[in-house]
Amino acid sequence: IYNELSLLATGKPITEIRTNKDLKNKLEFINKKRILVVEDNNINSEIAKTILTKLKADVQVANNGIEAINNIFDNDYDLIFMDVQMPSMSGYEAT
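The following paragraphs examine the structure supplied in this document. (Residues numbered from 1 in each chain as written. Predicted model: local features only at pLDDT ≥ 70, side-chain atom pairs only at ≥ 80, totals over all residues. Heavy atoms only, no water.)

## Considering the sheet that holds strand β2 (residues 58-62)
Spatial ordering of the open sheet is given by β2-β1-β3, a layout of 3 strands whose pairing is parallel. Looking at the sheet topology across the chains shown, the edges are occupied by β2 and β3 (79-82). Looking at each pair of strands side by side, their axes are set apart by 20° on average, direction ignored. Inspection of the sheet shows strand β1 (residues 34-38) paired to β3 by 4 bridges, in the parallel sense. Residue I35 lies in a different strand from β3, and its bridge partner there is L79. (Pairing = 2+ DSSP bridges. Helix = DSSP H or I, 4+ residues; strand = E, 2+ residues; numbered from the N terminus. Axes fitted to C-alpha atoms, helices over the stretch in contact; angles between N-to-C directions.)

Below, the structure is given as structure tokens:
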């Protein structure tokens, strides 16, 4: 997720960013954004939530595509991080 955020903020992969401070400054756009993380692996979703929360985002987690669709109907999100291989409904189907 950190690499994806780097690409969103700078157009460069995390390996091309010189310091974490440079990246943190570029990631200011995440501040106060509503983000949905769709991930069936609890460890991965907690890591993503922790990273995004530290960037001051309002983060919600869905465990599969069905939960994601239900959340999308009930909420407006600025950004969605979607896993592609999940039980019940894949990220491809949900998208």
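## Some thoughts on the pattern of salt bridges
Scanning all chains against the criterion turns up 1 salt bridge. The partner of D58 in a salt bridge is R34, and the shortest N-O contact between them spans 3.2 Å. Taken as a pair, D58 in strand β2 and R34 in strand β1 lie far apart in primary sequence, 24 residues in all. Given a relative accessible area of 38%, D58 falls into the partly exposed group. (Salt bridge = Lys/Arg side-chain N within 4 Å of Asp/Glu carboxyl O. Buried < 20%, exposed > 50% of the residue type's maximum accessible area, 1.4 Å probe, protein only.)

## A closer look at the pairing of β2
For β1 and β2, the ladder comprises 5 bridges, and the chain directions are parallel. Bridge pairing in β2 places L36 opposite Q60. Assessed by its sense of winding, the connection that carries the chain from β1 through helix α3 (residues 42-54) to β2 is right-handed. (Right-handed = clockwise from strand over helix to strand, strands pointing away.)

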